[in-house]
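# Breakdown of the fold
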Amino acid sequence: MKTNAELQKDVQDAIQWEPLLYSAEIGVVVNNGIVSLTGNVDSYAKKLQAEHAAKNVTGVRVLVEDIEVKLPDPRSKTDVEIASEIITAFNANSFIPQEKITVKVEDGWVDLDGEVSWEYLREITENAVKYLPGVTGIYNNITINPEIRDTVEKSDIERALDRSSIDNSEISVSVSGTTAILTGTVHTWHQKEEAGRIAWKTPGIKDVKNKLEVDYEYNL
């Protein structure tokens, strides 16, 4: 079990351990497993790295992320330049279905819209954008429309969870059409996200509602 002070130090150490974030000034406030991150960073990649580092600390139950991206020089990249680099990034990855994706850039924020058949296509499209210089945020509005199956088999998801390394003994799976719902408890944030990723890989899946709770006890 961890006290609030112990968890705060663990999160601070995890953030400082990342080379990208070594000199970043990120505030960490902890209250019974709820971790709040504040501060400013000079790239969207650093914002994501701080979030990822905090989530992987044992004991983090809920993450509240309020880190702002403030570029060193707002004039260093125009929206047109960012858009041009996005097109270049898309052209470099043959898996991205460019014909199904529309992109809008405004004040460094990138809106991704469209429809793809698998979650991994949605992910690689966002991954191609999030580390580009000048990007201050991403709205990923890409939806999933499976090309196969009208329904999803609950047993497929359960078997996939059984094959994984996560402890799924307290995870319940239910299915409604092409939507999977995960309920129950896990012991780390990583297990929660991994269970969601596994569910998203199910053939025919269109939506995943990850309602898993991270269960951890604290000394207050």
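Residues numbered from 1 in each chain as written. Predicted model: local features only at pLDDT ≥ 70, side-chain atom pairs only at ≥ 80, totals over all residues. Heavy atoms only, no water.

Within an unreviewed UniProt entry, the label attached to the protein chain reads BON domain-containing protein, and the organism entered is Chryseobacterium joostei.

### Thoughts on the domain arrangement of the protein chain
Just so we agree on the cut-off: As used throughout, domain bounds are those supplied by an automatic or database domain assignment.
By domain assignment, the protein chain separates into domain 1 (4-69), domain 2 (79-144) and domain 3 (154-214). Relative placement of domain 2 and domain 3: their C-alpha centres are 26 Å apart.

### Things to note about helix H3 (residues 79-91)
For clarity, the threshold we go by: Helix numbering and strand numbering both begin at the N terminus, where a helix is a DSSP run of H or I of at least 4 residues and a strand a DSSP run of E of at least 2. Expected span, for any helix, means 1.5 Å times one less than how many residues it has. Only protein chains enter the calculation, and the probe is 1.4 Å; a residue is then buried if its accessible area is under 20% of its type maximum, exposed if over 50%, and partly exposed in between. As used here, the arc belongs to the directions running from the helix axis to the C-beta atoms. Throughout, a residue-residue contact means that at least one pair of heavy atoms, one from each residue, lies within 4.5 Å.
The terminal C-alpha atoms of H3 lie 18 Å apart, and with 13 residues this matches the ideal 18 Å at 1.5 Å per residue to within 8%. For H3, the set of buried residues is Ile82, Ile86, Ala89 and Phe90. Along the long axis of H3, the arc covered by the buried residues comes to 100 degrees, so they all point the same way. Turned more than 90 degrees away from the buried face of H3 sit Val80, Thr88 and Asn91, all of them exposed. Structurally, H3 contributes buried residues whose contacts are with strand S5 (101-106), strand S6 (109-116) and helix H4 (119-130).

### Description of a nonpolar patch on the surface
The line we're drawing: Any residue with relative accessible area above 30% and no salt bridge may belong to a patch, with like charges joined within 9 Å and the nonpolar Val, Leu, Ile, Met, Phe, Trp and Tyr side chains within 5 Å. In these tables, accessible area is a Shrake-Rupley quantity obtained with a 1.4 Å probe, and a residue counts as shielded only by the protein chains included in the view. In the sections that follow, a salt bridge refers to a side-chain nitrogen of Lys or Arg positioned within 4 Å of a carboxyl oxygen of Asp or Glu.
On the surface, Ile34, Val62 and Val64 cluster together into a nonpolar patch covering about 200 Å² of accessible area. Residue class for isoleucine 34 comes out partly exposed when judged on its relative accessible area of 37%.

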